[in-house]
Amino acid sequence: WGALAILGGSLGVLGVSFLLTGFGVIHKLPARLPGRDKLAELALAYSLYGRAWKPTAVSFILSIAAHLGYFAMFFCAAAAFSATSKTPTFGELCAILPIITTITSMPISVGGLGVREKLFQVFLGDLCGVSDAVAALMSTTGYALSLVWGLLGGVLYLFYRPSEHARMRAMRAEVATLEHAVAEQE
């Protein structure tokens, strides 16, 4: 219930900020209002995303593909232990992994280790009838795969040099120009 309350509150704040932005009320709010600057930043973000809806849509689709790839990695880890236990379906993993990932992203343990394994045991044991030991192995194997691919990507990123380096000063100037342009239109 607590998670649902947080989700509902977050969606409510986003909805109110969207309405305030849509009706152009943001800049009419008192300057001393707590959170006014954050609402103005949200207004700018809505404006920028609204203008660049094609890249935003492509980014959204790519994020879905990335999440499905992450889920597939854990599915492959689970399938590796299919001889010793029942393998959860891809749909079952797609149902539980967002919950597990959200909980393990909280600073409860280092990298979610231990917490992730216990959550796999609870969810896979109750949902799929997987034994505790095999559920923990599935979790650890999926995490190890994620770690290996992440380290490989990190090494590639360290040695990647784009042809044109983006300068922080140039990026800040571009953001300031966009903020000014949006403020003038509102």
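Small disclaimer: the values here were computed from a predicted structure and weren't measured.

Draft legend 1. Representation of the overall build of the chain. Scanning the chain from terminus to terminus reveals seven helices and zero strands. Of the regular secondary structure in the chain, the N- to C-terminal order runs α-α-α-α-α-α-α. Taking 2.2 N^0.38 as the reference for a compact globule, 186 residues should give roughly 16 Å; the C-alpha atoms of the chain span a radius of gyration of 22 Å, well beyond that estimate. Its C-alpha atoms give the chain principal-axis dimensions of roughly 65 × 50 × 30 Å. Taking all contacts inside the chain whose residues are at least 6 apart in sequence as the whole, residues at least 24 apart take part in 52%. Surface accessibility of the chain: about 13000 Å² in total, with carbon and sulfur atoms responsible for 71%. In the chain, which carries 13 positive and 11 negative side-chain charges, the distance between the mean positions of the two groups comes to 6 Å.

Draft legend 2. Inspection of the packing of helix 4 (residues 90-104) against helix 5 (residues 115-128) at higher detail. Viewed as axis vectors pointing N to C, helix 4 and helix 5 meet at an angle of 150°, and their least axial separation amounts to 10 Å. Here helix 5 runs roughly antiparallel to helix 4, going by the angle between their axes. Judged by the twist between their axes, the crossing of helix 4 over helix 5 is right-handed. Here Glu92, Leu93, Ile96, Leu97, Ile99, Ile100, Ile103 and Thr104 of helix 4 come into contact with helix 5, specifically with Val115, Arg116, Leu119, Phe120, Phe123, Leu124, Leu127 and Cys128. Residues of the contact of helix 4 with helix 5, tallied by class, amount to 13 nonpolar, one polar and two charged.

Draft legend 3. Molecular detail of the packing of helix 1 (residues 2-22) against helix 2 (residues 36-51). One way to put it is that helix 1 packs onto helix 2 with a least axis distance of 9 Å and a crossing angle of 70°. On the basis of their axis angle, the class for helix 1 and helix 2 is roughly perpendicular. Residue-level inspection shows Leu14, Ser17, Phe18, Leu20 and Thr21 of helix 1 in contact with helix 2, the latter providing Leu39, Leu42, Ala43 and Tyr46. In terms of residue class, the contact of helix 1 with helix 2 is built from seven nonpolar, two polar and no charged.

Draft legend 4. Structural detail: the nonpolar core. If you look at the biggest cluster of nonpolar residues, it comprises 16 residues, and the most contacted ones within it are Leu93, Leu97, Phe120, Leu124, Val130 and Met138. Among the secondary structure elements, those contributing two or more residues to this core are helix 3 (53-79), helix 4, helix 5 and helix 6 (132-159). When neighbours within four sequence positions are excluded, Leu97 is seen to be in contact with Phe71, Phe74 and Phe120.

Draft legend 5. Summary view of the confidence of the model for the chain. Taken as a whole, the chain shows an average pLDDT of 85; of its residues, 95% reach a score of 70 or greater. The element-level mean pLDDT for the chain is lowest in helix 7 (residues 168-185), coming to 76, with helix 3 highest at 93.

Draft legend 6. Region of interest: the packing of aromatic side chains. The full count for this structure, using the stated rule, is four aromatic pairs. Between the aromatic rings of Tyr70 and Phe71, the centroid separation amounts to 6.2 Å while the plane-to-plane angle is 55°, which identifies the pairing as tilted. Ring pairs connect the aromatic residues Tyr70, Phe71, Phe74 and Phe120, which therefore count as one cluster.

Draft legend 7. Examining the environment of Ser139 more closely. Checked against the element boundaries, Ser139 lands in helix 6. Ser139 sits 96 residues away from Ala43 along the chain, and the two C-alpha atoms are 40 Å apart. With near-sequence residues (within four places) excluded, Ser139 lies in contact with Phe74, Arg116, Glu117 and Phe120.

Draft legend 8. Looking closely at the state of the cysteines. Applying the stated rule across the entire model yields zero disulfides. There is no disulfide at Cys94, and the cysteine sulfur nearest it, in Cys76, is 12 Å away. Not part of a disulfide, Cys128 finds its nearest cysteine sulfur in Cys94, a span of 12 Å. Look at Cys128 and you get buried, because its relative accessible area is 7%.

Reading the values: rules and limits
- Residues numbered from 1 in each chain as written.
- Predicted model: local features only at pLDDT ≥ 70, side-chain atom pairs only at ≥ 80, totals over all residues.
- Heavy atoms only, no water.
- Helix = DSSP H or I, 4+ residues; strand = E, 2+ residues; numbered from the N terminus.
- Rg over C-alpha atoms; globule rule 2.2 N^0.38 Å.
- Contact = heavy atoms within 4.5 Å.
- Areas by Shrake-Rupley, 256 points an atom, 1.4 Å probe, with all protein chains shown as cover.
- Lys, Arg positive; Asp, Glu negative; His and termini not counted.
- Charge placed at Lys NZ, Arg CZ, Asp CG, Glu CD.
- Axes fitted to C-alpha atoms, helices over the stretch in contact; angles between N-to-C directions.
- Parallel < 35°, antiparallel > 145°, perpendicular 65-115°, else oblique.
- Left-handed = near helix turned anticlockwise from the far one by under 90°.
- Nonpolar A, V, L, I, M, F, W, Y, C, P; charged D, E, K, R; others polar.
- Core = buried A, V, L, I, M, F, W, Y, C linked by side-chain atoms within 4.5 Å.
- Buried < 20%, exposed > 50% of the residue type's maximum accessible area, 1.4 Å probe, protein only.
- pLDDT = per-residue confidence, 0-100.
- Phe/Tyr/Trp six-rings, centres within 6.5 Å; stacked < 30°, edge-to-face > 60°.
- Disulfide = S-S within 2.5 Å.

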